[in-house]
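Here is how the chains run, residue by residue.
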Amino acid sequence: MQLLKDKIIKEGQALSSTVLKVDTFLNHQIDPLLMKEIGHEFATRFSDEVITKVLTIESSGIAPSTMLGLEIGAPVVFARKRKSLTLSDNLYTSQVHSFTKNVTSDIAVSRDFLNADDNIIIIDDFLANGEAVKGLLDIAAQAGAHVVGVGIVIEKGFQDGGKKLREQGVRIESLAIVESLEEGKVTFVEEETK
Ligand code: 5GP
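Residues numbered from 1 in each chain as written. Predicted model: local features only at pLDDT ≥ 70, side-chain atom pairs only at ≥ 80, totals over all residues. Heavy atoms only, no water.

Undergrad: How should the site of the ligand be read in this particular structure?
TA: Among the 16 residues in the neighbourhood of the ligand, the closest are listed as Leu20, Asn129, Gly130, Ala132 and Lys156. Within the backbone of leucine 20, one N or O atom sits 2.7 Å away from a nitrogen atom of the ligand. For the ligand, whose unbound accessible area comes to 500 Å², protein coverage reaches 88%. Looking at the shell around the ligand, the elements that each hand over two or more residues are strand S7 (119-127) and helix H4 (131-143). When residues of the shell around the ligand are assigned to their parent elements, the largest contribution, four residues, is made by S7. Here the residues of the shell around the ligand are counted per class, giving seven nonpolar, five polar and four charged. (Near = heavy atom within 4 Å. Polar contact = N/O pair within 3.5 Å; in protein donor to acceptor, adjacent residues only side chain to side chain. Areas by Shrake-Rupley, 256 points an atom, 1.4 Å probe, with all protein chains shown as cover. Helix = DSSP H or I, 4+ residues; strand = E, 2+ residues; numbered from the N terminus. Nonpolar A, V, L, I, M, F, W, Y, C, P; charged D, E, K, R; others polar.)

Have a look at this one:
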């Protein structure tokens, strides 16, 4: 998605050779117009699917997910992250190891909001090692829901989450795939792989 790539080049900061900071439009301040275009792009790419629910994880997945939900007329459910969950019968839970924070957190979604009739799309801001997506796939599986695929705003192609998930047969649509962040310079994979 050219608009997104241009924005990353203009405003993204390679904090190291592995971490990209995009606080000006996605992770802290949000650019609503760009989010609207992102929602539209996800809707177009998955227009061959009937989607009943958008599933994401707090907090940075919420903005792009909401724009997609608005576009396709589907509710958005976000998994909550907690350090420790009080035991409850009414939650689907999983564990996610955060690559950027180096902590493992429990994530949870109320059983009220996902069920076996749902056709889910999973959305997240970044795909690195695939831990967040794996946790969301686990929660969808616990609900008995069908996952049509995964939409990612920025995939880091030099980390292996995308490769592992695609090998498992998961459909992944990434709007920008970063090839490298070496020497503070952001480069992209030319053709977005599907
Ligand atoms: P994964 O679970 O695929 O290893 O990492 C994805 C999650 O970690 C995303 O939800 C995102 O919040 C965070 N993340 C991973 N890499 C980056 C990065 O380079 N920049 C930012 N801002 N977040 C990242």
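Text resumes after the structure shown.
Undergrad: How should the side chain of serine 105 be read in this particular structure?
TA: As for its placement among the helices and strands, serine 105 is situated in strand S6 (residues 104-110). For serine 105, the residues in contact, after removing those within four places along its chain, are Arg82, Ser94, Gln95 and Val96. (Contact = heavy atoms within 4.5 Å.)

Undergrad: Please clarify how the packing of helix H1 (residues 2-11) against helix H2 (residues 32-45) should be interpreted in this entry.
TA: Packed helices, taken two at a time, are described by the angle between their axes plus the distance between the axes. Relative to each other, H1 and H2 sit at 140 degrees, their axes nearing to 10 Å. In this structure, the crossing between H1 and H2 has a hand that is left-handed. Along the contact surface, H1 presents Leu3, Leu4 and Lys7, while H2 presents Leu34, Glu37 and Ile38. In the contact of H1 with H2, the residues fall into four nonpolar, no polar and two charged. (Axes fitted to C-alpha atoms, helices over the stretch in contact; angles between N-to-C directions. Left-handed = near helix turned anticlockwise from the far one by under 90°.)

Undergrad: Before we go on, may I ask you to explain the pairing of S6 in this structure?
TA: Here is the key point about a regular strand: its side chains alternate between the two faces of the sheet. In terms of burial, S6 is a largely internal element, six of the seven residues being buried. With three bridges connecting them, strand S4 (residues 76-82) and S6 associate as antiparallel partners. Among the inter-strand pairings, arginine 82 is bridged to a residue of S6, identified as aspartate 106. Relative to S6, strand S5 (residues 91-97) runs antiparallel, the two sharing seven bridges. Residue serine 94 lies in a different strand from S6, and its bridge partner there is isoleucine 107. (Buried < 20%, exposed > 50% of the residue type's maximum accessible area, 1.4 Å probe, protein only. Pairing = 2+ DSSP bridges.)

Undergrad: Would you take a moment to explain unusual backbone geometry for this structure?
TA: A negative phi holds for most residues other than glycine; trans holds for most peptide bonds. Look at the link from glutamate 58 to serine 59: it is a cis peptide, with omega at -5 degrees. Along the chain, the position of serine 59 falls in the loop between strand S3 (53-57) and helix H3 (62-72). Even without a glycine there, the phi angle at asparagine 102 is positive, about 55 degrees. Tracing the backbone through its elements, the reader meets asparagine 102 in the loop between S5 and S6.

Undergrad: Explain the sheet that holds strand S10 (residues 187-188) to me, please; I cannot follow it from the model alone.
TA: Note: strands within a sheet are paired through backbone hydrogen bonds, in either parallel or antiparallel orientation. Pairing within the open sheet is mixed, and its eight strands lie in the order S5-S6-S4-S3-S7-S8-S9-S10. Every other strand in the sheet has two partners, leaving S5 and S10 as the edge strands with one partner each. The pairing of S7 with strand S8 (residues 146-156) spans eight bridges and is parallel. Within S8, the residue paired with isoleucine 123 across the bridge is glycine 151. Contacts from H4 reach S3, S4, S5, S6, S7 and S8, with the element oriented near 160 degrees to S5.

Shape descriptors only; they carry no functional weight alone.
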